[in-house]
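A structural walkthrough
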Amino acid sequence: MAFGGLDKKQTAAPMAEINMTPLIDVMLVLLVIFIITAPLFTHAIRLDLPKVAAAPARETPQTISLSIDAAGKLYWNGSPVTLEQMRARFAQAGKEAESRQAGQADNAAAQPEIHLHAERSTRYEVIAQVMGAAQQAGLERIGFVTDPPPAGKQ
């Protein structure tokens, strides 16, 4: 790169080159920033829930078995119910739990347990509605029932 000199030649022209070094530095910094922030732009989280070996849940007279199939249909202890019927049953169970809590010192023992059997492909929206309805009724003991893993993969 010539910046001129002490020559007094008439053919000396001004420098017409662009200095690329600062531009390359800026581009590399921007590239690093985009590489770091690009994964943050994806909002979907793919969950592949594992099959878990756990102790079987104990069944009590106060246990509510609620099943949800892939289409989002609800089954209360094996019989089909609508979302509104489920909310009404939750409200009734919540009132019964409150009346039992008045007579018992242990609040946890007075509440019924909800065993939620959801098929693997069930939409989360349906599960969230069930959990919200249970919480509104004052039922806080919800357990998710899973299938045991295949015999050879424990």
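All of these numbers come straight from a predicted model, not from anything done at the bench.

Overview of the sheet that holds strand β5 (residues 142-144)
An order of β3-β2-β1-β4-β5 is seen for the 5 strands of this open sheet, with the pairing classed as mixed. A strand with exactly one partner marks an edge of an open sheet, and here the two such strands are β3 (79-81) and β5. Averaged over all neighbouring strand pairs, the angle between strand axes comes to 30 degrees, with direction disregarded. Sheet analysis places strand β1 (residues 64-68) next to strand β2 (residues 74-76), joined by 3 bridges and oriented antiparallel. Looking at β2, one finds that Ser67 is bridged to Tyr75.

Considerations on the environment of Gly138
Residue position: Gly138 is located in the loop between α4 (124-136) and β5. Residues Gly138 and Ala91, 47 residues apart in the sequence, show an inter-C-alpha distance of 7.9 Å.

Thoughts on α4
Compared with the 18 Å implied by 1.5 Å per residue over 13 residues, the 18 Å span of α4 between its first and last C-alpha is a close match. Here α4 has its buried residues at Val126, Ile127, Val130, Ala133 and Ala134. Across the axial projection of α4, the buried residues extend over an arc of 130 degrees, all falling on one side. Summarising the geometry of α4, the exposed residues directed more than 90 degrees from the buried face are Tyr124, Gln135 and Gln136. Immediately beyond the C-terminal end of α4, within one or two residues, lies Gly138, with a positive phi of roughly 90 degrees.

What counts, and at which threshold
- Residues numbered from 1 in each chain as written.
- Predicted model: local features only at pLDDT ≥ 70, side-chain atom pairs only at ≥ 80, totals over all residues.
- Heavy atoms only, no water.
- Pairing = 2+ DSSP bridges.
- Helix = DSSP H or I, 4+ residues; strand = E, 2+ residues; numbered from the N terminus.
- Axes fitted to C-alpha atoms, helices over the stretch in contact; angles between N-to-C directions.
- Expected span 1.5 Å × (residues − 1).
- Buried < 20%, exposed > 50% of the residue type's maximum accessible area, 1.4 Å probe, protein only.
- Arc of directions from axis to C-beta.

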